[in-house]
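What the coordinates show
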Amino acid sequence: MIEAIGLTKRYGATLAVDELSFTVPPGQVTGFLGPNGAGKSTTMRLILGLDAPTAGSVTVNGKPYTGYRRPLLEVGALLEAKTVHGGRSAYNHLKWLALSNGISGSRVEQVLGQVGLRTVARKRAGGFSLGMGQRLGIAAALLGDPKVLMFDEPVNGLDPEGVLWIRNLLKSLAAEGRTVFISSHLMSEMALTADRLIIIGRGRLIADTTIEDLLQGASGNHIRVRSPEAGELARLLTAHGAGVARQGSDTLRITGTTSDAVGEIARSNGLTLRELSAHQVSLEDRYMELTNGSADYRAADGEHAPARN
Amino acid sequence: MDITATAETTYSPLTAAVNVLRSEYCKLRTVRSTFWALFTAVASNVGVAALLAIFVSGRLTANQKATTDVVRLTLGGLHISQVAIGVLGVLVISSEYSTGMIRATLSAVPRRRLVLAAKTAVLTAVSLVIGIASSFAAYFTFQAMRSGNSLSAALGDPGVLRAVVGGGLYLGVIGLLGLGLGAIIRAPAGAIAALLGVMFVPPLLSDLLPNSWQTAIGPYLPLNAGGQIYIASRFDPNTLAPWTGLGVFCLYAAAALAIGVFLINHRDA
């Protein structure tokens, strides 16, 4: 369980996190979503006590992170930025981490096996590929067998096999009853892994919701109908409280009702339908709609500018 | 939840401190820079002593021999080893900032002053052991290789044992000065530059001062003060006594560390 209350972080003139309040419940994968520069990494640094909040507070299992003597047993974190000295071997990196929290040496071997790094454990971490580096970071997070796991952009730069591995790992960790909190700027990835979503933009909370609820509220969801008797159908639907817009002579764009209801009205009134289709906005579109205007770094042609980290 | 709760409550502050010490020692011995810094220190202390014994000891005039402090001459390698150990001290903390590893460290041990205290303890122990051992090695090397009966100094002679041990103490303190500057400046290049500046610039600046000022300030400059501990006999009256000088030198290191301790709790990592 992670609880943030009014969390605020200001760096000089930049307000990176702005009165953010949210709860990350156990037993679920909670996605932390936002465009580049939205404040996701900063929020995670605040949770870990690496940065001090300007205002507000955040607790992990009811206690500030810095209050734990053996925090690795409480929270396992994979940060987006590098946290490994390239001159040290993977084994030795995990070894000093384990020693610092009184974790046994056998646990180091165990997590190395779990992430599939046993064969390269004695090699210098500086020579690792991006994927191997991510695996080492995840091994470090799992070291203390913590109840809370927090991963910042875990799939960034991974090949499809690595992405699949992380997805399954996250789900199995949540299934074990752990609190799993992952950040991403990719809605498509979150749609596959997350049960809940916390969406932020420019440091502010935009939505704290489930994927279903998120899609239901989308403004672009509609039903499309083609009928030779479009005028009559439009009148009936409006009478039933649906929103109807004429598109051309025989096409209607209907909102505020279901396709089942439209079909039923048409049948009971003897109207011919040539097309009846429900159009649901994709998560990606919904996400763009929500975060529109809150992306910090966007190129003029609408492409995402490179992340700043 | 129950298991971790128990683990947290039965984990005493002493156990925590010992584990952080072991962790810092593990860090220190698992990077190459430590090996190279210590190797350089030992090699220069012993190597320079051997070179001086071979090439210099036989060529000094009687007058020169009378005014030469044997231990100070023997420990000529300190000119190099002090830089090696000082840089090691800087890297012990600043390499964590430059590689981003500090985030892992402070996530594992959120009590930041405990981290710095453990680093201080581990670095002090290692640099004192290596410093004192290599200082003795230099002394015995020089005495074994010097030509004829010139420049002999027995450990029982006045000040000799203290000065030989002092060479190691001097290295221990300079390592701590480096650590303090590393904690303050955090960027390795900047901290190393600052360390070299603190070591070598003050004498250059004091040369620009009027003579009376030089006499007043000179003995208190970092290396002038610290250097007295590895001189067996005091020839220059305008210097501090050995232990006083070492004390002043320690104050410089303590000041740097104190600022580092203050800053580490007040800055974002």
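Quick note: structure is the one above.
I will try to describe carefully the structure that is included in this document. Note that the structure is predicted; figures quoted are calculated from it, not measured.

Structural notes on the packing of helix H3 (residues 32-55) of chain B against helix H8 (residues 112-145) of chain B
Residue and element names in this part refer to chain B. Here H3 crosses H8 at 20 degrees, and the two axes come no closer than 8 Å. Classified by the angle their axes make, H3 and H8 are roughly parallel. Between H3 and H8 lies a crossing of right-handed hand. Between H3 and H8, the residues in contact are Leu38, Ala41, Val42, Asn45, Val46, Ala49, Ala50, Leu52, Ala53 and Ile54 and Ile130, Ser134, Ser135, Ala137, Ala138, Thr141, Phe142 and Met145, respectively. Considering only residue class, the contact of H3 with H8 consists of 14 nonpolar, four polar and no charged.

Notes on helix H3 (residues 105-114) of chain A
Residues and elements named next belong to chain A. Among all positions of H3, only Val108, Val111 and Leu112 are buried. In a view along the axis of H3, the buried residues occupy a sector of 105 degrees, so they form one face of it. Summarising the geometry of H3, the exposed residues directed more than 90 degrees from the buried face are Ser106 and Gly113. In this structure, the buried side of H3 is in contact with helix H2 (90-100) and helix H4 (130-142).

Examining the environment of B:Ala163
All names here are of chain B. Mapping Ala163 onto the fold places it in helix H9 (residues 160-185). Sequence separation between Ala163 and Leu123 is 40 residues, and the spatial gap between their C-alpha atoms is 22 Å. Discounting chain neighbours no more than four positions away, the residues touching Ala163 are Val71, Ile229, Tyr230, Ile231 and Ala232.

Some thoughts on unusual backbone geometry
All names here are of chain A. Phi is positive for Asn61, which is not a glycine, with a value near 50 degrees. Checked against the element boundaries, Asn61 lands in the loop between strand S4 (55-60) and strand S5 (75-78). Classification of Asn61 by C-beta neighbours within 10 Å gives partly exposed; the count is 19. Although it is not a glycine, Arg202 adopts a positive phi angle of roughly 50 degrees. Relative to the assigned elements, Arg202 resides in the loop between strand S8 (196-201) and strand S9 (204-210). Taking the C-beta count within 10 Å as the criterion, Arg202 has 19 such neighbours and is therefore assigned partly exposed.

Conventions we followed
Residues numbered from 1 in each chain as written. Chains lettered and ligands numbered in written order. Predicted model: local features only at pLDDT ≥ 70, side-chain atom pairs only at ≥ 80, totals over all residues. Axes fitted to C-alpha atoms, helices over the stretch in contact; angles between N-to-C directions. Helix = DSSP H or I, 4+ residues; strand = E, 2+ residues; numbered from the N terminus. Parallel < 35°, antiparallel > 145°, perpendicular 65-115°, else oblique. Left-handed = near helix turned anticlockwise from the far one by under 90°. Contact = placed C-beta atoms within 7 Å. Nonpolar A, V, L, I, M, F, W, Y, C, P; charged D, E, K, R; others polar. Buried ≥ 20, exposed ≤ 12 C-beta atoms within 10 Å, placed from the backbone. Arc of directions from axis to C-beta.

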